[in-house]
Amino acid sequence: QVQPVESGGGLVQAGGSLRLSCAASGGTFSNYAMGWFRQAPGKEREFVAAISWSGGGTYYADSVKGRFTISRDNAKNTVYLQMNSLKPEDTAVYYCAAGRINYPIYNYYVNPSLYQYWGQGTQVTVSS
């Protein structure tokens, strides 16, 4: 099984940038699609971005499209989330997840129940 571990969170001013990393140990990383989800206080966990096992397909929530970029390096067992033009509403705990998703269907990638392994999360706080 794959164990994701997130890093790179922190405090940033609105308009700034952060890059989150998720290193996965155990299992075969390249077998898994990887997703980023976030949860703000008092809100449900929501989809942010995902990438197919090969890196050939990427998927984004409308709220982050054009500002965030997901990528992966299968040689390093790591997935990244580059976050630019951050807004206060991006403040949340960001979670990395791994799932055996093999079809290029957006609704599969946004569904948290299709991800089997989750990290502990990293806090991102954007000040106004």
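Just so it is clear, the model here is predicted, and its values are computed rather than measured.

A few points about the pairing of strand β7 (residues 68-73)
So, point 1. A one-sided burial pattern is seen for β7, the buried positions being Phe-68, Ile-70 and Arg-72 and the unburied ones Thr-69, Ser-71 and Asp-73.
So, point 2. Where β7 lies against strand β8 (residues 78-83), 6 bridges are found, and the strand directions are antiparallel. Residue pairing for β8: Ile-70 is matched across the bridge by Leu-81.
So, point 3. Where β7 folds back onto β8 in an antiparallel hairpin, the turn is made up of 4 residues, including Asn-77, whose phi is positive at roughly 55 degrees.

Quick word on the pattern of salt bridges
So, point 1. Taken as a whole and assessed by the stated rule, the structure comprises 4 salt bridges.
So, point 2. Among the salt bridges present, the one from Lys-65 reaches Asp-62, with a minimum N-O distance of 3.3 Å.
So, point 3. For Asp-90, the salt bridge is made with Arg-67, and the minimal N-O distance between the two is 2.8 Å. One end of the pair, Asp-90, is in the loop between β8 and β9 (92-99); the other, Arg-67, is in the loop between β6 (58-60) and β7, with 23 residues separating them in the sequence.

Points about a nonpolar patch on the surface
So, point 1. There is a patch of nonpolar side chains on the surface, built from Tyr-103, Ile-105 and Tyr-108 and spanning about 300 Å² of accessible area.
So, point 2. Summarising the element assignment, Tyr-103 is placed in the loop between β9 and α1 (106-109).
So, point 3. Assessed through its relative accessible area of 54%, Tyr-103 is described here as exposed.

Structural notes on the sheet that holds β8
So, point 1. The 4 strands are arranged β1-β3-β8-β7 in an open sheet whose pairing can be described as antiparallel. In this open sheet, the two edge strands, each paired with only one partner strand, are β1 (3-7) and β7. The sheet shows a mean angle of 20 degrees between the axes of neighbouring strands, taken without regard to direction.

Structural notes on the pairing of strand β4 (residues 33-39)
Looking down a regular strand, the side chains alternate between one sheet face and the other.
So, point 1. Buried residues dominate β4, accounting for 6 of its 7 residues.
So, point 2. Note that β4 and β9 share 7 bridges and pair antiparallel. Residue pairing across strands places Arg-38 opposite Tyr-94, the latter belonging to β9.
So, point 3. Bridge analysis of β4 against strand β5 (residues 46-51) gives 5 bridges, and the strand direction is antiparallel. Within the sheet, the bridge partner assigned to Phe-37 lies in β5 and is Phe-47.
So, point 4. In textbook terms, the turn of a hairpin is the stretch between consecutive antiparallel strands, and for β4 and β5 this stretch comprises 6 residues, one of which, Gly-42, has a positive phi near 80 degrees.

Cut-offs used in this document
- Residues numbered from 1 in each chain as written.
- Predicted model: local features only at pLDDT ≥ 70, side-chain atom pairs only at ≥ 80, totals over all residues.
- Heavy atoms only, no water.
- Buried < 20%, exposed > 50% of the residue type's maximum accessible area, 1.4 Å probe, protein only.
- Helix = DSSP H or I, 4+ residues; strand = E, 2+ residues; numbered from the N terminus.
- Pairing = 2+ DSSP bridges.
- Salt bridge = Lys/Arg side-chain N within 4 Å of Asp/Glu carboxyl O.
- Patch = residues over 30% accessible without salt bridge, like charges linked within 9 Å, V, L, I, M, F, W, Y side chains within 5 Å.
- Areas by Shrake-Rupley, 256 points an atom, 1.4 Å probe, with all protein chains shown as cover.
- Axes fitted to C-alpha atoms, helices over the stretch in contact; angles between N-to-C directions.

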